[in-house]
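# Coordinates in review
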Amino acid sequence: MMPICCQDPGRMARVFVYGTLKKGQPNYQHMINGTHGIAKFQGRGHTVEKYPLVITGKSNIPFLLNIPGTGHRVTGEIYSVDDQMLQFLDEFEGCPDMYQRTPVRIEVVEWEGKSSAPEERPAVNSIMECFVYSTTTYQPEWINLPYYDNYDSLGNHGLHYVLREIRD
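Thresholds applied
- Residues numbered from 1 in each chain as written.
- Predicted model: local features only at pLDDT ≥ 70, side-chain atom pairs only at ≥ 80, totals over all residues.
- Heavy atoms only, no water.
- Buried < 20%, exposed > 50% of the residue type's maximum accessible area, 1.4 Å probe, protein only.
- Helix = DSSP H or I, 4+ residues; strand = E, 2+ residues; numbered from the N terminus.
- Contact = heavy atoms within 4.5 Å.
- Salt bridge = Lys/Arg side-chain N within 4 Å of Asp/Glu carboxyl O.
- Core = buried A, V, L, I, M, F, W, Y, C linked by side-chain atoms within 4.5 Å.
- Pairing = 2+ DSSP bridges.
- Axes fitted to C-alpha atoms, helices over the stretch in contact; angles between N-to-C directions.
- pLDDT = per-residue confidence, 0-100.
- Phe/Tyr/Trp six-rings, centres within 6.5 Å; stacked < 30°, edge-to-face > 60°.
- Lys, Arg positive; Asp, Glu negative; His and termini not counted.
- Polar contact = N/O pair within 3.5 Å; in protein donor to acceptor, adjacent residues only side chain to side chain.

Once that is clear, we can look at helix α2 (residues 83-92). Buried within α2 are the following residues: M85, L86, F88, L89, D90 and F92. Contacts from the buried residues of α2 go to β1 (13-17), α1 (29-32), β2 (39-47), β5 (75-81), β6 (100-111) and β7 (127-134). Downstream of α2 by a residue or two, G94 has a phi angle that is positive, lying close to 65 degrees.

Considering all chains together, one arrives at four salt bridges under this definition. Where R44 meets E110, a salt bridge forms, and the shortest distance between an N and an O atom there is 3.3 Å. Placement of R44 in strand β2 and of E110 in strand β6 is noted, with a sequence separation of 66 residues between them. For E110, a relative accessible area of 32% puts it in the partly exposed group. Notably, a salt bridge pairs E112 with R44, separated by 3.5 Å at the nearest N-O pair. Of this pair, E112 sits in the loop between β6 and β7 while R44 sits in strand β2, placing them 68 residues apart in sequence. E112 sits in the partly exposed class, given a relative accessible area of 33%. Three or more residues are tied together by salt bridges with common partners; here these are R44, E110 and E112.

Grouped together as the largest cluster of nonpolar side chains are 42 residues, with contacts concentrated most on V15, Y18, M31, I78, Y79, V81 and L89. If you list the elements that add at least two residues to this core, you get β1, β2, β3 (53-56), β4 (61-64), β5, α2, β6 and β7. When near neighbours in sequence (up to four residues on either side) are disregarded, L89 contacts V15, L21, M31, V81 and Y133.

Okay, the pairing of β4 next. Successive residues of a regular strand alternate their side chains across the two faces of the sheet. Residues I61 and F63 line one face of β4 and the alternating positions P62 and L64 line the opposite face, and both faces are buried. What sits between β3 and β4 in their antiparallel hairpin is a turn of four residues, with G57 showing a positive phi close to 85 degrees.

In spatial order, the strands read β1-β5-β2-β6-β7; together these five strands close into a barrel with mixed pairing. Here the average twist between neighbouring strands, direction ignored, is 50 degrees. In the sheet, β1 pairs with β7 via two bridges, with the strands oriented parallel. Bridged to F16 within β7 is V132.

The pLDDT averaged across the protein chain works out to 90; a share of 89% of its residues lies at or above 70. Least confident of the elements in the protein chain is α1, whose mean pLDDT is 94; most confident is β3, at 97.

Let us look at the packing of aromatic side chains. Enumeration over the complete set of coordinates arrives at four aromatic pairs. Their ring planes at 40 degrees and their centres at 4.6 Å tell us that F63 and W142 sit as a pair that is tilted. Here F63, found in strand β4, pairs with W142, found in the segment after β7; they are 79 residues apart in sequence, far enough to count as distant. Its relative accessible area of 5% is what places F63 among the buried residues. Owing to a relative accessible area of 13%, W142 belongs among the buried residues under this scheme.

Quick look at the side chain of D82 now. For D82, the location among the structural elements is in the loop between β5 and α2. Buried within the structure, D82 lacks any salt-bridge partner; K40 is the closest side chain of opposite charge, at an N-O distance of 8.9 Å. Engagement of the side chain of D82 in a polar contact is seen with the backbone nitrogen of M85, the distance being 2.8 Å. For D82, the residues in contact, after removing those within four places along its chain, are M12, G37 and I38.

Structure below.
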């Protein structure tokens, strides 16, 4: 049986998050509160290809522009998520209008995921496909913004993320 894109052996989807859904970031609570489904932290990685990661808009939202080969190898976290969480993430990310969920190759940097079989644990530096919420529907001027390799809402860029709950 051929593995399905972006799925782990337990039939959960693999998602790579690079922005506000990472640990320690403003929207991380959505990954762990359980009411949206299951999200299991598996490890850390970075994109195999370079991508432009920009921060823009009055709410300082991070966007991964779907322009492979431009920008930096972007660092993030790998999660296994169930169908309910994947559906929540699609809605949360405004998919398909604001972001599009696409398969991207991710190089594993660190793996913490617990697996019943050792052969199911990916080796460090191995490559796996994960779903990533990137965008092709960006404003043309965004390609002229600074590119980042690792998003932190409180980074020294000074562009602090504005939570949805407190936006105008």
